[in-house]
Amino acid sequence: MPKMKTHKSTRKRFKVSGTGKLMRPKGSMNHLRRKKQPRTLRMATQYFEAPDGERKRVKSLLPGAGIK
């Protein structure tokens, strides 16, 4: 059986924490940054835990990542 391949764009967008949680950044940070509040910009640089539905989908795209 062939190896399972990692989905490369998913690997760039998500991180797995040390305890196995799937972490993702907030959206809306690609353009129009001058209009946004400083608090919004700070919050967008942090990573937050992904919801359950997203976790199931990403787990299939990142085999061997250790997602719980």
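These notes cover the structure that comes with them. (Residues numbered from 1 in each chain as written. Predicted model: local features only at pLDDT ≥ 70, side-chain atom pairs only at ≥ 80, totals over all residues. Heavy atoms only, no water.)

1. A closer look at the sheet that holds strand β3 (residues 47–49)
Strand pairs in the sheet, formed through backbone hydrogen bonds, run parallel or antiparallel to each other.
Here is step 1 of the chain: Taken in spatial order, the three strands line up as β1-β2-β3 in an open sheet, and their pairing is antiparallel. The open sheet has two edge strands, β1 (15–16) and β3, and neither has a second partner.
Here is step 2 of the chain: Pairing geometry for β1 and strand β2 (residues 22–25), over two bridges, is antiparallel. Bridging from a neighbouring strand, lysine 15 pairs with methionine 23 of β2. (Pairing = 2+ DSSP bridges. Helix = DSSP H or I, 4+ residues; strand = E, 2+ residues; numbered from the N terminus.)

2. Details of helix α3 (residues 52–61)
Here is step 1 of the chain: Buried within α3 we find Glu54, Arg55 and Val58. For α3, the angular spread of the buried residues around the axis is 100 degrees, confining them to a single face. Turned more than 90 degrees away from the buried face of α3, the exposed residues are Gly53, Lys56 and Ser60.
Here is step 2 of the chain: Tucked inside the fold, the buried residues of α3 contact α1 (8–13), β2 and β3. (Buried < 20%, exposed > 50% of the residue type's maximum accessible area, 1.4 Å probe, protein only. Arc of directions from axis to C-beta. Contact = heavy atoms within 4.5 Å.)

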